[in-house]
Amino acid sequence: QVQLVESGGGLVQAGGSLRLSCAASGRTFSNYWTGWFRQAPGKEREFVAAITRSGGNTYYADSVKGRFTISRDNAKNTVYLQMNSLKPEDTAVYYCAARMILGVISAVGEYDYWGQGTQVTVSS
């Protein structure tokens, strides 16, 4: 079992920045692929970014490429999502997720463990 707790959400103006954190506890975090997803009201949960177990490779949705950066510090059991140049359409609840063996990195169903989410609101 892996427990995930997100933090760092809040209200920010368009063009601003936020950094989300996902703190893990339980089993060895470095054994898990980790992803960030988001869900806006009335919409399905969608992939944002993912990072390999070592942190050597990262993957992004086209909508955030060039603006968001995912990273991890396995010594601190934490994954981060640095979000720059935020837009109102980035408003959503952001979730951290993890899985030991991964197939399709952008698929919600591929991830076994989820955090409770943190709200990000971008005002225009």
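Up top is the structure.
I will try to describe carefully the structure that is included in this document.

## Considering the pattern of salt bridges
Okay, step 1: Per the counting criterion, the structure on display carries six salt bridges.
Okay, step 2: A salt bridge links D90 to R67; its shortest N-O distance comes to 2.8 Å. Here the residue D90 occupies a position in the loop between β8 (78-83) and β9 (92-99), and R67 occupies one in the loop between β6 (58-60) and β7 (68-73), the gap between them amounting to 23 residues. Of the two residues examined, D90 and R67, each falls in the buried class.
Okay, step 3: Residues joined by salt bridges that share partners form a network here, namely R38, E46, R67 and D90.

## Looking at the state of the cysteines
Okay, step 1: Applying the stated criterion to the full structure yields one disulfide.
Okay, step 2: The disulfide partner of C22 is C96, and the S-S distance across this bridge is 2.1 Å. Here the disulfide of C22 and C96 is left-handed, its torsion about the S-S bond being about -75°. Pair noted here: C22 is in strand β3 (residues 18-26) and C96 is in strand β9, with a separation of 74 residues, a long-range link.
Okay, step 3: Using a relative accessible area of 0% as the deciding quantity, one classes C22 as buried.

## Brief notes about the environment of V64
Okay, step 1: Along the polypeptide, V64 turns up in the loop between β6 and β7.
Okay, step 2: The class of V64 is buried, set by a relative accessible area of 0%.
Okay, step 3: As for V64 and G10, which are separated by 54 residues in sequence, their C-alpha atoms are 18 Å apart.
Okay, step 4: Ignoring anything within four residues of it in the chain, the contact list for V64 reads R38 and V48.

## Regarding the packing of aromatic side chains
Okay, step 1: Under the definition given, this model contains seven aromatic pairs.
Okay, step 2: With centroids separated by 5.7 Å and ring planes inclined at 75°, the aromatic side chains of F37 and F47 adopt a geometry described as edge-to-face. Pair noted here: F37 is in strand β4 (residues 33-39) and F47 is in strand β5 (residues 46-51), with a separation of ten residues, a long-range link.
Okay, step 3: F37 sits in the buried class, given a relative accessible area of 0%.
Okay, step 4: Taken together, the aromatic side chains of F37, F47, Y95, Y111 and W114 make up a single cluster linked through ring pairs.
Okay, step 5: Just above the ring of Y95 sits the side chain of R45; from NZ or CZ to the centre is 3.7 Å.
Okay, step 6: Over the face of the ring belonging to W114 we find R45, whose NZ or CZ atom lies 4.9 Å from the ring centre.

Cut-offs used in this document
- Residues numbered from 1 in each chain as written.
- Predicted model: local features only at pLDDT ≥ 70, side-chain atom pairs only at ≥ 80, totals over all residues.
- Heavy atoms only, no water.
- Salt bridge = Lys/Arg side-chain N within 4 Å of Asp/Glu carboxyl O.
- Helix = DSSP H or I, 4+ residues; strand = E, 2+ residues; numbered from the N terminus.
- Buried < 20%, exposed > 50% of the residue type's maximum accessible area, 1.4 Å probe, protein only.
- Disulfide = S-S within 2.5 Å.
- Contact = heavy atoms within 4.5 Å.
- Phe/Tyr/Trp six-rings, centres within 6.5 Å; stacked < 30°, edge-to-face > 60°.
- Lys NZ or Arg CZ within 6 Å of the ring centre and 35° of its normal.

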